[in-house]
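Breakdown of the fold
Each chain is listed here by its residues.
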Amino acid sequence: MEHLWVAKETKKKEKIIKGRDLVDVVFSWSLRDVLNSNLYRGQVGKIPNTFTSTKEYFESFVKPIIEETHADLLSSMGTIRRAQAFKFWEIKPGKDFKPPRDLYYEVTLQMTNEYMTKGGQNLLEVNDLIAVTDKRPIRIDDLRFSHEPYLLALVCGVNENNPHLITILASKPIIFDDDDDIKTSSKRGKGERKSLSFFGVNLINMMTNIRIWTALHPNPEGGNLKLISRVLQSNNEVDGGSCVSCKENSESVVSDYSARMLRSFKLNSSQEDAILRCLEAKSCNHSNNIKLIWGPPGTGKTKTTSVLLLNFLKMRCRTLTCAPTNIAVLEVCSRLVKLVSESLRFDGYGLGDIVLFGNKERMKIDDREDLFDVFLEYRVDELYRCFMALTGWRANVNRMICLLSDPKHEFRQFKSVNTTLLSFKDFVEERLSRLRYDLHHQFTTLCLHLPTSLLSFRVAEKMNQTNNLLRNIAASDVMRDGYGRMKYKLKDTGDENDSRTQDCLEMLTSISMSIKLPDFISKFELQKLCLDNAYLLFCTASSSARLHMSSPIQLLVIDEAAQLKECESAIPLQLRGLQHAILIGDEKQLPAMIKSNIASEADLGRSLFERLVLLGHNKQLLNMQYRMHPSISIFPNREFYDMKILDAPSVRLRSYEKKFLPEKMYGPYSFINIAYGREQFGEGYSSKNLVEVSVVAEIVSKLYSVSRKTGRTISVGVISPYKAQVFAIQERIGEKYNTEGTFTVSVRSVDGFQGGEEDIIIISTVRSNGNGAIGFLSNQQRTNVALTRARYCLWILGNEATLTNNRSVWRQLVDDAKARNCFHNAEEDESLAQCIERSTTALDDLNKLQNKKLISFENSIWKVWLSYEFLKSLETIVDSEINKRVMSFLEKLSNGKELHQEVEFESENLLRQHEFDDGLSLIWAIDIFKNNNQHVQVLKIWQVLPSTDVSRVTEHLEKHYRRYTKGKISRCRYICSQGDLVVPMQWPVDSNSCSKKDIVSDVSRSFALLSVVEEETVSPKPIKKQVKLKKLWKIRRKVQLSTSNPKDPK
């Protein structure tokens, strides 16, 4: 195992060395550089379509990837307030600390309750880029450390057993002030301090970009550039059909068995043809081939991929399948595992040839029980228990052999080291039961998780038979006198029990001798063993970097290849031993996500799949779609695929047409015109349209009612190209439909829905303006994805005037809907008409309240302070009827009479709750507003929300009030009443007391406060005084003050 130790030590060093040049570039940026979005403008050249050499190929991606890293870091600055910040408990120079360049530090992070509640998940990950700061940052100016305006560090190592222990590489020396708690060093930047007030603020993770950078700078001596060399220029030999040499030699590349197996999966002719061409390419030893499979939406791309991989598994071809995202990897792996599981013989034998690996948390493997048996981390944990020296499978086999051979000898040995009153019979029963249980679990684990190259079918079969035999052996069979001396006697005695025990002994001995693995294997060695011996491996393209030190890979399959940056595909394309590649995707759908406009203009987001298509390479088209009703598929088929896609017979059946709602506009395909939408900016400058949000909520509510009444299973997907709209719809719908029943709703962006499908899709296009501006809604790839997610019904919400006032694909879509009588005005549905009217009225009311901190109503004596959260909650509801009820209550409250009833009873909390009859509650309080030199009592309106969410919100607000001083709390709680009215009070800012003397002196001015505070009023009419100032005031707090207790409250 010495080579494994060497590999492990090499791996440790690589974590620090790899991508260092890119890290140094990032470290060289000042804060001003990071915030300069044009830092590299004019320096990033466009990536060409063809290349003269591998050197030119790799170099063309270098500057774009630097710019993309810069844009990623710049984007993180906009969310610095929400960034994770970890407090440093201790920091000291690492063993590799060598100024001025290698500034490695070992850091101990402070453990927090939040970390403990997450079950010990990593605080930080390798290649996280952090800012080291003096305090938890709220804005960019807070990114300071000591006298430095900006100090970055890269996480180079995380202790697996103690993830709060990390190693970082700093961009500058970390210098501490000289004090008693510091151990200073003669070298600059070399110090140690405990209980620090330092923070590591997580900005971005550079893992993928570092791996890309490493792939762009291959080892000139040992790299595999065969496939990279094949894609440099326009060369139809890369995929020019069958190999000429194979044809000339009449080599049979596809066996009859494979052809028969393909027919058993009921594939269509285009799917079969694509698989056969790939099998031909795999079997060719004369050239390196790259095959393209073009899979438009709903054409069975994943099924085709899984059947292809099953063939490679049967051929024992070592194949890596990767994709740009974890979701895509999990989907194709899940489909393959399901196919393989249908043909397994016993105990899952054969699944050991399939391995899935990657980041457990990001893959959310805990939610994918169907993939537990093939996930590397789980597999290693299970096998590790089988290869423990003292309790592993071999130790237990030897114990069982000894017990069956000579139980009395085993009992004597047991008694010699144990002082026990256990009888011989009890000993045998207990030992047999425990070993039988352990061996059953361990044999099952070995059959399930060991690759078939390490555990033959014959040995696995013996393990299964041995488990069956042990199940039928009783303690009385083992206790037979003299059996140990006669264990190899001939089976002619006719004693079935003796024969069974002897068979078991022979099988156990054979199993022990057949497996040539060590008794103990470490987890690292088990990982390498599983990766080196599996035939089908699954991971993201980025994670495939782990395989560069593994056994050779023969074939590469890239799923969703059109979504993978070409420079990222360079990571798996250089794997050792790789001969052929198969790219499966659709360049008509979404490309890779690029944050930098500069890098996007340089074509960094273009995939290898797309570039090869541009160069005229052949691609195998999957030409039959099985997802969409023909009324849905017709427009994207004509617009994006030149009518090359056929509708499968199953979707053309009359039974495939589903009617979920009675109105005509809710047929298989409709454009629903929302003529009075309100386009506005949400957070992050993303667009939203709250009228469309209300319409979506109304339609979903109608569908939910149908599902509940009929028991019909309905899945609904809501898609919008804008994040602000997605968030607004999610807020509006809330958790109402998150039940494990027959009705499901998924609200996602277009990018989030690629690869997904639902019964009904509702698209909210958002844009509603007079100049026809539709922004990136005009992107045809994004439009194609949105239009092809529905099975039975596709309903598109949009503003006809806006979408047709430009020459984009949306103008053609609206015209097509009109030509097919699929265009409808929302007002045709009475419930939608009422919904739109309520929404527009509510938005008008909200516009009047925007930017008004204090308002007053006619005849009111209290000022009303509207919080930002309250206005946002009204915006979420967007219903004029609810708005009227809320504002009516606030008006009554501000008049003082309703307030008298609301505060009649004592409460420990400052917060008050008023419930409306439609499941909504209003959270409010008497608070203090600073006006000039006065503290004034006002009504603070916090939020209107579903009653079920009240406890969560009040808990958050109570934390807010804990920051108030005792004096401020006392003033919030003071209540001054006159008759059946409660009136507001005011105090001098510089006064810390709330004595009766102060109150009396200010009561005379309490109504004058209304003209002192500057505010916008809901009504311009003057406020009428309803009480005479000459009357004597009766003063009380929540508990009425007694003249017999002159003690002032504090």
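About the criteria used
- Residues numbered from 1 in each chain as written.
- Predicted model: local features only at pLDDT ≥ 70, side-chain atom pairs only at ≥ 80, totals over all residues.
- Heavy atoms only, no water.
- Helix = DSSP H or I, 4+ residues; strand = E, 2+ residues; numbered from the N terminus.
- Buried < 20%, exposed > 50% of the residue type's maximum accessible area, 1.4 Å probe, protein only.
- Contact = heavy atoms within 4.5 Å.
- Areas by Shrake-Rupley, 256 points an atom, 1.4 Å probe, with all protein chains shown as cover.
- Phe/Tyr/Trp six-rings, centres within 6.5 Å; stacked < 30°, edge-to-face > 60°.
- Lys NZ or Arg CZ within 6 Å of the ring centre and 35° of its normal.
- Salt bridge = Lys/Arg side-chain N within 4 Å of Asp/Glu carboxyl O.
- Pairing = 2+ DSSP bridges.
- Axes fitted to C-alpha atoms, helices over the stretch in contact; angles between N-to-C directions.
- pLDDT = per-residue confidence, 0-100.
- Parallel < 35°, antiparallel > 145°, perpendicular 65-115°, else oblique.
- Left-handed = near helix turned anticlockwise from the far one by under 90°.
- Nonpolar A, V, L, I, M, F, W, Y, C, P; charged D, E, K, R; others polar.

**Description of the overall build of the protein**
- Helix and strand counts for the protein come out as 40 helices and 34 strands.
- For the protein, buried positions account for 54% of its 1050 residues.
- Sequence separation of 24 or more characterises 76% of the internal contacts of the protein that already satisfy a separation of 6 or more.
- When the accessible surface of the protein is summed, it comes to about 48,700 Å², and 48% of that surface belongs to carbon and sulfur atoms.

**Some remarks on the packing of aromatic side chains**
- All chains considered together, the criterion is met by 25 aromatic pairs.
- Relative to tyrosine 737, the ring of tyrosine 704 lies with its centre 4.8 Å away and its plane at 65°, an arrangement referred to as edge-to-face. In this pair, tyrosine 704 is assigned in helix α27 (residues 690-710) and tyrosine 737 in the loop between α28 (723-733) and β22 (743-749), connecting sequence segments 33 residues apart. Summarising the burial analysis for this pair, tyrosine 704 and tyrosine 737 share the class buried.
- With a centroid separation of 5.0 Å and 70° between ring planes, the pair formed by tyrosine 961 and tyrosine 964 is classed as edge-to-face. Both residues of the pair, tyrosine 961 and tyrosine 964, count as buried.
- Put simply, the rings of Phe51, Tyr57, Phe58 and Phe61 touch in pairs and so form one group of aromatic residues.
- Here the guanidinium or amino end of lysine 619 rests over the ring plane of tryptophan 294, the centre of that ring lying 3.4 Å away.

**Remarks on the pattern of salt bridges**
- Inspection of every chain in the model, using the stated rule, returns 43 salt bridges.
- In this structure, glutamate 568 engages lysine 565 in a salt bridge whose closest nitrogen and oxygen atoms are separated by 3.4 Å.
- On the basis of relative accessibility, which here comes to 11%, the residue lysine 565 falls in the buried class.
- Residues participating in the shared-partner salt-bridge network are Arg20, Asp24, Arg101 and Asp102.

**Concerning the side chain of threonine 302**
- Examined against the element boundaries, threonine 302 turns out to sit in helix α11 (residues 301-314).
- Residue class for threonine 302 comes out buried when judged on its relative accessible area of 16%.
- If we skip the residues at most four places from it in the chain, threonine 302 touches Glu331, Val332 and Arg335.

**Some details on the sheet that holds strand β18 (residues 669-673)**
- Spatially, β22-β21-β23-β24-β18-β25 is the arrangement adopted by the six strands of the open sheet, whose pairing is parallel. At either end of the open sheet lies a strand with only one pairing partner, and these are β22 and β25 (823-825). Across the sheet, the mean angle separating the axes of adjacent strands is 20° when strand polarity is ignored.
- Inspection of the sheet shows strand β23 (residues 758-764) paired to strand β24 (residues 790-798) by six bridges, in the parallel sense. Bridge pairing in β24 links isoleucine 761 to leucine 794.
- Along the sheet, helix α25 (residues 630-640) makes contact with β18 and β24, crossing β24 at roughly 65°.
- Each of β21 (714-720), β22 and β23 touches α28; the most contacted strand, β22, lies at about 155° to it.

**Observations regarding the sheet that holds strand β10 (residues 319-323)**
- The sheet built from seven strands is open, its strands ordered β11-β12-β10-β13-β14-β9-β15 with parallel pairing. What marks the edges here is a single partner per strand, and that holds for β11 (354-356) and β15 (620-621).
- One ladder, built from five bridges, connects strand β9 (residues 290-294) with strand β14 (residues 580-585); its direction is parallel. Counted as the bridge partner of isoleucine 293 is isoleucine 584 from β14.
- On the sheet, α11 packs against β10, β11, β12 (536-540), β13 (555-558) and β14 and is oriented at approximately 160° with respect to β14.
- Packing of helix α22 (residues 566-573) onto the sheet brings it into contact with β10, β13 and β14, and relative to β13 it is tilted by some 150°.

**Overview of the confidence of the model for the protein**
- Mean pLDDT over the protein stands at 84; residues scoring 70 or higher make up 84%.
- Within the model, pLDDT remains below 50 along residues 481-493, and this stretch shows 19 contacts once partners closer than five positions in the same chain are excluded.
- Note that residues 996-1050 has pLDDT below 50 and, in this model, 102 contacts with residues that lie over four places away or in other chains.

**Section: the packing of helix α14 (residues 376-386) against helix α21 (residues 523-533)**
- The N-to-C vectors of α14 and α21 enclose an angle of 120°; their axes lie 9 Å apart at closest approach. It follows from the interaxial angle that α14 and α21 lie oblique. For the crossing formed where α14 meets α21, the hand is right-handed. Of α21, the residues touching α14 (which contributes Leu376, Arg379, Val380, Asp381, Leu383 and Tyr384) are Lys523, Leu526, Gln527, Cys530 and Leu531.
- Taken together, the residues of the contact of α14 with α21 sort by class into seven nonpolar, one polar and three charged.

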